[in-house]
Each structure stands twice: as structure tokens, then as C-alpha cells.
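# Structural overview
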Amino acid sequence: MLDDRMIQLEQKIQYSFRNKQLLRQALTHSSCANEQKINKSEDYERLEFLGDAVLELVSSDYIYRQHPDMSEGKMTKYRSSIVCEPALAFCARELGLEQYIRLGKGEEATGGRQRDSIISDVMEAVIGAVYLDSGIDEAKEFIYRFVLSDLEHKQLFYDAKTILQEEVQKEGKGTLRYELVHEEGPEHDKTFVVEAMIDDVKVGSGTGHSKKTAEQQAAYEALLQMHKELKIY
């Protein structure tokens with residue numbers, strides 16, 4: 001049986017598991033599994049291994065079909081950018097997946113729920129669980145809906161700092177820098193607020209659980225504003 005939160009997650013991902021234990025396992029971190037003395041659950045690591053392979057196959061097939069003129073090297077680089085740890089964590093957070101992860105008390109206390117490595121692993125484990133529960137077609141549908149959707153904007157977010165730097169240099173607009181303006185929260189769960197500055201002008205702001213994530217968000221906001229002004233979107 002699933003608790004109410006896992007039923008809620010099924011509704012979010014628009015998929016109902018026939019084997020409910022697979023979803024529970026996909027959400028269970030080893031720290032939680034190791035703490036359980038009775039009715040001990042398996043952790044998500046084996047499902048993650050399987051989900052990683054399914055994700056690589058589906059994303060490779062997608063890129064091959066969508067980009068018939070793209071070279072092998074560029075396809076490999078493109079695939080890496082859309083299934084790497086930060087990219088999968090971003091997709092998982094869009095689902096709110098991190099709030100459903102079953103963590104041990106120690107891992108919870110040290111900020112594991114916000115760690116990209118754990119969140120991305122769980123995303124792959126859920127893919128593996130869907131594959132085992134219903135096969136490749138349902139797994140493919142899940143990946144298309146939650147990983148390969150709206151790639152143009154996701155790509156802009158993933159590469160925001162690099163793209164913004166290139167834009168600033170190309171246009172000769174000044175010097176780009178990131179300024180930390182605020183941080184709050186306990187050491188294991190801090191929130192950072194960062195502003196992207198070109199010389200002394202703020203062009204974007206971002207918030208995240210690491211300075212890097214906040215900088216990425218600030219760069220993304222700056223790019224969206226630039227594109228809006230240029231009427232690219």
C-alpha cells in the first residue's frame with residue numbers, strides 16, 4: 001500500500017503503479033532503508049542503475065531522430081547536457097519530486113533533500129520503476145513528458161551562465177559578475193540570493209540552495225529579459 005503522499009505523486013506523474021512497492025523503493029534512500037529494523041525496504045540504487053540505461057536509450061533515440069544531420073560527437077555532447085545530474089535534478093524539482101524522497105534522519109539533517117546527486121538519482125530510479133512495472137513504452141512516455149519536454153528553454157537554463165557570458169562578450173556590454181546579496185538558513189540548508197551584474201547594472205537575480213544554483217538562476221533570468229527585449233520568444 002502507498003501512503004497519501006505517494007498517491008499524490010502518482011497523480012503528478014500521471015502514472016499509477018501496478019506494483020506499488022516499486023515506487024516506494026524508487027523513493028527510498030539507503031539512509032532510510034538502513035534505519036528500518038522492521039519491514040525493511042530496499043533502496044533505490046538498483047532501480048537507478050536500470051533507469052539510467054533506459055534514459056540513455058530513449059534520449060539517444062530522440063536525438064538521433066530529431067537531429068538527422070547532427071554528428072556523433074555533437075549528439076553525445078547534447079545527450080550529456082540533457083541527462084546530466086543538474087539537468088535531471090532540475091526536471092525532478094519541476095515535479096516537486098524531492099519532497100517525496102524517503103531519507104534517514106541523518107541524511108535529512110544534513111540537507112540531503114536538496115542535494116542534486118540524490119534528487120537526480122531518484123529521478124532515474126522512478127524511470128527504472130516505471131520500466132519494470134509497464135515496459136519501455138510507458139517509460140518512454142514518462143521521459144518525453146518530464147525530461148525531454150521544452151528542451152529549448154531547459155537548455156537555456158542549463159547553459160545560462162556560459163550563454164550569458166558569451167552574449168556579454170559578443171555585444172561588448174561590459175564586465176559580467178555575480179554578487180551574493182543575501183543568505184539565510186542553517187548551515188546544512190542555506191538559501192542564497194545572487195544578482196547578475198553587468199558593470200554596476202543588475203540584469204538578473206536568482207535564489208538557490210547553493211551559490212552555483214543561484215548564479216545559474218540569475219543568469220537565466222537575465223537571458224530571458226534579453227530575449228524578451230529582442231522579441232526572440
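See the structure shown above.
To start, this report covers the structure provided alongside it. Keep in mind that this is a model prediction, so the values were computed, not measured.

Of all the 8 residues making up helix α10 (residues 151–158), 6 are buried; the element is thus mostly covered by neighbouring parts of the structure. Of the residues making up α10, those classed as buried are Leu-151, Lys-154, Gln-155, Leu-156, Phe-157 and Tyr-158.

Another aspect to go through is the layout of surface pockets. In this structure, the largest pocket encloses a volume near 710 Å³. Lining the largest pocket are 31 residues; nearest its centre among them are Arg-93, Asp-116, Ser-210, Thr-213 and Gln-216. When its residues are assigned to classes, the lining of the largest pocket shows 7 nonpolar, 13 polar and 11 charged.

What follows covers the side chain of Asp-133. Summarising the element assignment, Asp-133 is placed in helix α8 (residues 116–134). At 4.2 Å, Arg-18 is the nearest oppositely charged side chain to Asp-133, a buried residue that forms no salt bridge.

What the 3 strands build is an open sheet, ordered β1-β2-β3; its pairing is antiparallel. The open sheet has two edge strands, β1 (176–184) and β3 (201–208), and neither has a second partner. Across the sheet, the axes of successive neighbouring strands diverge by a mean angle of 20°, strand direction being ignored.

Attention now goes to a nonpolar patch on the surface. Taken together, the side chains of Leu-57, Tyr-131, Leu-132 and Ile-136 make up a nonpolar region of the molecular surface, amounting to roughly 350 Å² of accessible area. If you trace the backbone, Leu-57 turns up in helix α4 (residues 45–66). Take Leu-57: its relative accessible area is 54%, and that puts it in the exposed class.

Applying the stated criterion to the full structure yields 3 aromatic pairs. Look at Tyr-15 and Phe-17: their rings are 4.9 Å apart centre to centre, the planes differ by 90°, and that puts the pair in the edge-to-face class. Classification of Tyr-15 as buried rests on a relative accessible area of 10%. Where Tyr-62 meets Tyr-144, the ring centres are 5.5 Å apart and the plane angle is 85°; that geometry is what we call edge-to-face.

Reading the values: the criteria
Residues numbered from 1 in each chain as written. Predicted model: local features only at pLDDT ≥ 70, side-chain atom pairs only at ≥ 80, totals over all residues. Heavy atoms only, no water. Buried < 20%, exposed > 50% of the residue type's maximum accessible area, 1.4 Å probe, protein only. Helix = DSSP H or I, 4+ residues; strand = E, 2+ residues; numbered from the N terminus. 1 Å grid on protein atoms, 1.4 Å probe; cavity = no way out; pocket = protein on both sides within 12 Å on 5 of 7 lines; lining within 4 Å. Points joined across faces, edges and corners; volume = space filled by probe spheres on them. Nonpolar A, V, L, I, M, F, W, Y, C, P; charged D, E, K, R; others polar. Lys, Arg positive; Asp, Glu negative; His and termini not counted. Salt bridge = Lys/Arg side-chain N within 4 Å of Asp/Glu carboxyl O. Pairing = 2+ DSSP bridges. Axes fitted to C-alpha atoms, helices over the stretch in contact; angles between N-to-C directions. Patch = residues over 30% accessible without salt bridge, like charges linked within 9 Å, V, L, I, M, F, W, Y side chains within 5 Å. Areas by Shrake-Rupley, 256 points an atom, 1.4 Å probe, with all protein chains shown as cover. Phe/Tyr/Trp six-rings, centres within 6.5 Å; stacked < 30°, edge-to-face > 60°.

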